[in-house]
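Listed below are the residues making up each chain.
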Amino acid sequence: MDAKELIARRVALELRDRMLVNLGIGLPTLVAHYVPEGISVAFQSENGIIGFGAPPPDGMEDPHLTDAGGRFISALPGAASFDSATSFALIRGGHLDMTVLGGLQVDGKGRLANWMVPGKLVPGMGGAMDLVVGAKRVIVAMQHTAKGKPKIVEELTLPLTAMRRVSLIVTDLAVIEPTDEGLRLRERAPGVSVAEILAATGAKLLVDGETPEMPIASPERVAA
Amino acid sequence: MQKAISAAAAAALIPDGASIMLGGFMAVGAPERLIDALVARSARGLTVMGNDTARPGVGLGKLIDAGCVARAIVSHIGTNPITQQKMIAGEIEVELAPQGTLAERIRAGGAGLGGVLTPTGVGTMVEEGKRVIEIDGASFLLEKPLRADFALLRAHEADYNGNLTYRLTAANFNPVIAFAADCVIAEPDAIVPVGVIPPDAVRTPGVLVNHLVERLC
């Protein structure tokens, strides 16, 4: 199992029945493949739909129906479509139960940077700032390090996405929960030691007793 | 509403240096025929406002490729390397706005409001130069309304009165920008007689639309 699959399968266990969930572009979209059995969630895509499903068969795509990354999708029975102002009223207005976003950095207070690297990469924030401000739960799904350097750091060196403390950080090494006291190590990836996690982390981690191994969702059943 | 006009005639109404809002999200729901006509007439110095600059060769990306754009107010340019190159080279000025904020600024501009108060962007680079207003202990940014000289919409169906419908994720910014420009030009995929679109299905009332782009062939 590669790192991205591991992260997606751990994040999938955060899904609860009847949630409305927005998955960011990239790694977070993989979470849709691992929705645990018996749980029904609705996925929102911020370009204007709730209740989308797997891509249509080749040649049967609808040019008016894509996700926010521009990939063709299908609309499940019961889906709803709407304009961008409505879509962000859903996001900012507290109607979205959970968002899963990629991250460039998270700081010791649990704050996310994920929209630009000054002088190098300026993609723009898209919907990320609204999602972090408005979703009831914000989960950051990212690799623990980039080119060997920690992405979890005491102080951000990249521009902040929002002041809000994220709810949970899931990486290929660990599950970390930002709290009032600081970043708390909750779980470690299979075969990874606490020492290895601490060595790969640039911010102080609080460790309470034994750190359990992270559970992960079952392998893909049917593409969501 | 006047009679339907060609895309070229519509593009001729838009002078160099004009500000235009365009529907489209990664070019889905973008007014491609109007964009092609602006490229064909070598429009210059445009200020464009829309969700993103798509990719080279599609939607708003075509205006970037062809050098029509001086300034862009968008939420995302990450999928268009040409926008990034031109921004770094100083050929295009780019103002990045959070997507929800962009939608609400346009909505405010079209709805006669003096601005919107949003928690999005507080404490970030987006806050720079803006007023932070405290309401009942919470901080909000005052984001000012946006309007444009022209709004270019892509719709699914239009009737002869300009009433518009949209399909699925092709709506995106289209119904929002329809309120926020002095001149609204809609490019429908089909034009149908008055009465074909039931009143409840109309998402943009025809009174907002100044020009319809004529049938495809």
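The paragraphs below set out a description of the structure included in this document. (Residues numbered from 1 in each chain as written. Chains lettered and ligands numbered in written order. Predicted model: local features only at pLDDT ≥ 70, side-chain atom pairs only at ≥ 80, totals over all residues.)

Some points on the overall build of chain A
Okay, step 1: Scanning chain A for helices and strands turns up four helices and 15 strands.
Okay, step 2: Summarising its shape, the C-alpha atoms of chain A cover approximately 50 × 40 × 30 Å along the three principal directions.
Okay, step 3: Looking at chain A as a whole, 47% of its 224 residues are labelled buried.
Okay, step 4: When contacts within chain A are restricted to residue pairs at least 6 apart in sequence, long-range pairs at least 24 apart make up 65% of them. (Helix = DSSP H or I, 4+ residues; strand = E, 2+ residues; numbered from the N terminus. Buried ≥ 20, exposed ≤ 12 C-beta atoms within 10 Å, placed from the backbone. Contact = placed C-beta atoms within 7 Å.)

Considerations on the sheet that holds strand E7 (residues 112–113) of chain A
Residue and element names in this part refer to chain A.
Okay, step 1: The three strands are arranged E7-E6-E11 in an open sheet whose pairing can be described as mixed. Taken across any chain shown, the strands that pair with only one partner, and hence form the sheet edges, are E7 and strand E11 (152–153).
Okay, step 2: Of the pairings in the sheet, the one linking strand E6 (residues 105–107) to E11 comprises two bridges and is parallel in character. Opposite Asp107, over in E11, you have Val153 as the bridge partner. (Pairing = 2+ DSSP bridges.)

Regarding the sheet that holds strand E5 (residues 116–118) of chain B
Residues and elements named next belong to chain B.
Okay, step 1: On the basis of which strands lie adjacent, the open sheet formed by three strands has the order E5-E7-E6 and antiparallel pairing. The outermost strands of the open sheet, each flanked by one partner alone, are E5 and strand E6 (132–135). On average, adjacent strands in this sheet sit at an angle of 40° to one another, irrespective of strand direction.
Okay, step 2: In terms of strand pairing, E5 meets strand E7 (residues 138–143) through three bridges, oriented antiparallel. When the bridges of E7 are listed, Leu117 appears paired with Leu142.
Okay, step 3: The sheet strands contacting helix H5 (residues 99–111) are E5 and E7, and the helix crosses E5 at an angle near 160°. (Axes fitted to C-alpha atoms, helices over the stretch in contact; angles between N-to-C directions.)

Remarks on the interface of chain A and chain B
Often, the extent of an interface is quoted as the loss of accessible area upon association of its parts.
Okay, step 1: Facing the 33 residues of chain A at the interface are 36 residues of chain B.
Okay, step 2: For the side of chain A that touches chain B, the secondary-structure elements that each account for two or more residues are strand E4 (74–81), helix H2 (84–92) and helix H3 (128–134) of chain A.
Okay, step 3: Considering each element in turn, the side of chain A that touches chain B owes the most residues, five residues, to H2(A).
Okay, step 4: Grouping the constituent residues of the side of chain A that touches chain B by class yields 17 nonpolar, eleven polar and five charged. (Nonpolar A, V, L, I, M, F, W, Y, C, P; charged D, E, K, R; others polar.)

Digging into the environment of A:Asp17
All names here are of chain A.
Okay, step 1: As for its position among the elements, Asp17 is in the loop between helix H1 (3–12) and strand E1 (20–23).
Okay, step 2: What makes Asp17 exposed here is the crowd of 9 C-beta atoms within 10 Å.
Okay, step 3: Sequence separation between Asp17 and Met214 is 197 residues; the distance between their C-alpha atoms is 21 Å.
Okay, step 4: If near-sequence neighbours (up to four positions away) are discounted, Asp17 is found in contact with Ile39 and Ser40.

Observations regarding the pairing of strand E14 (residues 182–188) of chain A
Residue and element names in this part refer to chain A.
Okay, step 1: Bridge analysis of strand E13 (residues 174–179) against E14 gives six bridges, and the strand direction is antiparallel. Looking at the pairing, Val175 lines up with Glu187 of E14.
Okay, step 2: Between E13 and the antiparallel strand that follows it, E14, lie two residues.
Okay, step 3: Bridge count between E14 and strand E15 (residues 205–207): three bridges; the pairing is parallel. Bridge pairing links Leu185 to Val207 in E15.
Okay, step 4: As a crossover connection, the stretch from E14 through helix H4 (residues 194–199) into E15 is right-handed. (Right-handed = clockwise from strand over helix to strand, strands pointing away.)

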